[in-house]
Amino acid sequence: MATDGKPDRGRVDMNAEECKGCGLCIEACPPKVLRLADHLNHYGYHPAEYLGAGCTGCGICFFVCPEPGGITVLRLVLQPKAA
Amino acid sequence: MPKQLCKGNEAIVKAAVLAGCRAYYGYPITPASEIAEAAALYLPQAGGIFLQAESEVAAINMIFGAASAGVRAMSASSGPGISLMQEGFSYLAGAELPCVVADIMRGGPGLGNIAPEQGDYNQIVKGGGHGNYRTLVLAPASVQEMADLTTLAFDLADEYRNPVVVLADGNIGQVMEPVEFASRAFLPPPPEWAVMGTAETRRNMVTSLILEADVMERHLLKLEAKYQRAQREAVRVECWRTDDADFVLVGYGIVGRVLKAVVELARARGIAVGLLRPITLFPFPVAQIRELSRRAKAFAVVELSNGQLVDDVRLALEGRRPVEFYSRMGGNVPSAEEVLAFVERKFAAQEVLIHG
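What you see is a predicted model; the values in this text were computed from it and never measured.

(A) Region of interest: the overall build of chain A. Per the secondary structure count, chain A includes 2 helices and 4 strands. For chain A, the share of sequence-separated contacts (at least 6 apart) that also reach a separation of at least 24 residues comes to 64%.

(B) Main features of the overall build of chain B. When helices and strands are counted, chain B shows 12 helices and 15 strands. The globule rule puts the C-alpha radius of gyration for 356 residues at 21 Å, and the 21 Å found for chain B is close to it. Along the first, second and third principal axes, the C-alpha set of chain B runs to 90 × 50 × 40 Å. Going through the 356 residues of chain B one by one, you find that 49% of them count as buried.

(C) View of the packing of helix α1 (residues 8-18) of chain B against helix α2 (residues 33-45) of chain B. Residue and element names in this part refer to chain B. One way to put it is that α1 packs onto α2 with a least axis distance of 8 Å and a crossing angle of 35 degrees. Viewed along their axes, α1 and α2 form a crossing whose handedness is right-handed. Two secondary-structure elements touch here, α1 through Asn9, Glu10, Ile12, Val13, Lys14 and Val17 and α2 through Glu34, Ile35, Ala38, Ala39, Tyr42 and Leu43. Looking at the contact of α1 with α2, its residues break down into 8 nonpolar, 1 polar and 3 charged.

(D) Seen up close, the pairing of strand β10 (residues 247-250) of chain B. All names here are of chain B. Here β10 shows a buried face lined by Phe247 and Leu249 and a second buried face lined by Val248 and Val250. With 4 bridges joining them, β10 and strand β11 (residues 273-278) adopt parallel strand pairing. Residue Val248 lies in a different strand from β11, and its bridge partner there is Gly274. Read as a crossover between parallel neighbours, the route from β10 over helix α9 (residues 254-268) to β11 is right-handed.

(E) The environment of Gly356 of chain B, seen in detail. Looking at where Gly356 of chain B falls in the secondary structure, it is placed in the segment after β15 (350-355). Apart from residues no more than four positions distant in its own chain, Gly356 of chain B is found in contact with Phe62, Ile71, Thr72 and Val73 of chain A.

(F) Summary view of the sheet that holds β11 of chain B. Residue and element names in this part refer to chain B. Across the sheet, 5 strands lie side by side as β9-β11-β10-β13-β14; this open sheet has mixed pairing. The open sheet has two edge strands with one neighbour each: β9 (237-240) and β14 (323-327). Adjacent strand axes in the sheet meet at a mean angle of 20 degrees, parallel and antiparallel pairs treated alike. With 4 bridges joining them, β9 and β11 adopt antiparallel strand pairing. Its bridge partner lying in β11, Cys239 is registered against Leu276. Contacts from α9 reach β9, β10, β11 and β13 (298-303), with the element oriented near 170 degrees to β11. Sitting on the sheet, helix α11 (residues 309-317) touches β10, β13 and β14, and the angle it makes with β13 is about 160 degrees.

(G) Examining the domain arrangement of chain B more closely. All names here are of chain B. Under the domain assignment, chain B is made up of domain 1 (4-233) and domain 2 (237-347). Placing a centre on the C-alpha atoms of domain 1 and another on those of domain 2 gives a separation of 28 Å. Counting from both sides, the interface comprises 25 residues of domain 1 and, opposite them, 21 residues of domain 2. Of all the secondary-structure elements, those providing two or more residues to the side of domain 1 that touches domain 2 are α5 (121-125), β6 (136-138), β7 (163-169), α7 (170-174) and α8 (213-233). Of the residues belonging to the side of domain 1 that touches domain 2, the class tally is 14 nonpolar, 8 polar and 3 charged.

(H) Representation of unusual backbone geometry in the model. Cis geometry is adopted by the peptide bond preceding Pro31 of chain B, which originates at Thr30 of chain B and carries an omega value of 5 degrees. Position of Pro31 of chain B among the secondary structure elements: in the loop between β2 (23-26) and α2. Geometrically, the link from Gly108 of chain B to Pro109 of chain B is a cis peptide bond, its omega value of 5 degrees lying close to zero. A positive phi angle is found at Lys32 of chain A, which is not glycine, with a value near 55 degrees. Assignment of secondary structure puts Lys32 of chain A in the loop between α1 (24-28) and β2 (34-36).

(I) Spatial organisation of the interface of chain A and chain B. Across the boundary between the two partners, chain A contributes 17 residues, which contact 16 residues of chain B. Classifying every residue of the side of chain A that touches chain B gives 11 nonpolar, 4 polar and 2 charged.

(J) Quick peek at the sheet that holds β15 of chain B. Ordered in space as β1(A)-β4(A)-β15(B), the 3 strands form an open sheet in which the pairing is antiparallel. Two strands close off the open sheet at either side, each with one partner strand: β1 (10-14) of chain A together with β15 of chain B. In this sheet, neighbouring strand axes are inclined to one another by 30 degrees on average, regardless of whether the strands run parallel or antiparallel. Two elements, strand β4 (residues 71-77) of chain A and β15 of chain B, share 5 bridges in a ladder whose sense is antiparallel. The partner of Arg75 of chain A across the bridge, within β15 of chain B, is Val352 of chain B.

(K) Broad picture of the pairing of strand β3 (residues 49-52) of chain B. Relative to β3 of chain B, β2 of chain B runs parallel, the two being bridged by 4 bridges. Paired with Ala23 of chain B across the bridge in β3 of chain B is Ile49 of chain B.

(L) Just the environment of Val255 of chain B, in detail. Residues and elements named next belong to chain B. With respect to the secondary-structure elements, Val255 resides in helix α9. By C-beta crowding, Val255 is classed as buried, having 31 other C-beta atoms within 10 Å. Considered as a pair, Val255 and Ala157 are 98 residues apart in the sequence and their alpha carbons are 26 Å apart. Excluding residues that lie within four positions of it along the chain, Val255 makes contacts with Val302, Glu303 and Leu304.

Definitions and cut-offs
- Residues numbered from 1 in each chain as written.
- Chains lettered and ligands numbered in written order.
- Predicted model: local features only at pLDDT ≥ 70, side-chain atom pairs only at ≥ 80, totals over all residues.
- Helix = DSSP H or I, 4+ residues; strand = E, 2+ residues; numbered from the N terminus.
- Contact = placed C-beta atoms within 7 Å.
- Rg over C-alpha atoms; globule rule 2.2 N^0.38 Å.
- Buried ≥ 20, exposed ≤ 12 C-beta atoms within 10 Å, placed from the backbone.
- Axes fitted to C-alpha atoms, helices over the stretch in contact; angles between N-to-C directions.
- Left-handed = near helix turned anticlockwise from the far one by under 90°.
- Nonpolar A, V, L, I, M, F, W, Y, C, P; charged D, E, K, R; others polar.
- Pairing = 2+ DSSP bridges.
- Right-handed = clockwise from strand over helix to strand, strands pointing away.
- Domains from an automatic or database assignment.

Below, the structure is given as structure tokens:
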């Protein structure tokens, strides 16, 4: 559940081992639900991580990320398709 | 009246006696036998008659006789016995005679088994007998409703001069629950159309035989007008958390109780589900279903039969919303978790990969 009380519309998977900690996604994220983790990945960077709630599935983080395979965005779709 | 612990089948008889039923004709069949057993005990005590007929065909025709004489009469059976009674239903409806019959459904077709099912929906709600008639159908979901709806059944039968069926499944018939009975009904004098072997009622005629085409057509239009009036005035339905429901589950009898648990479980997982439980199956809650379709995105019908109730829900919706269907048969009742898995499969938000 997002801070505004609305249910999540999506989810984002960060590939922590590929992340170089540039922070572009954190700047670009409209609902500000990403941050740099406290821990280090195997490159020695603080990887970006998802707060766990509030993602809208907009996909902007995917487009700003310079790392191929760094970010995966999933969107929640209501079933069945509206008739 | 104080509450008492009572079996569903027994509650039907106690409520019937309190409603003024003074004649029971029947033939025992599992899972409805306790009704005959209780009737044999309680009806003579109330000054009524219990008679074990040689078959269900005989029983329903004895009801024809009792109802013609203005006596509140009833019977009970299960699938195979009800099939035998269908001719009688047609004659009773044709002659505009009131009566109450309880159908405690078991597995079918044929001898099937003695476990609970809802496979009699079509033969009761759509009418298994010949001709242009309907039976009014009440579907209890608890022992309390077994009693309440039996009381209502006798009133509806008299009001509409038509057979009324209490359609329950083996679960509701066999389960024991606390129940509070209505107080003894005030009985009106025998109806003026009754044939009672007296000089005053000598000119009365109870028959379903009308040879002249125009007179027969007028009779049928009169019956049809009664069924239309029932559709306007007699519909009963329980709506549970439907005010903000995106998805509406539809089920009657024991299924309605399972679905109530499903509503709570699904809502805990963020799926806004509600329950519509028809209490009258004819008249069917068409208007109520259409009203819910203004908000709900989709409907799901759960029944213990092969897609019989779902037909009526589809007809009511006329394609307004998609209708999903889930059933168990042969005496199986789905668990709440099982139906929840179905609801999640059909209605839960699914994650779809958009980037990556």
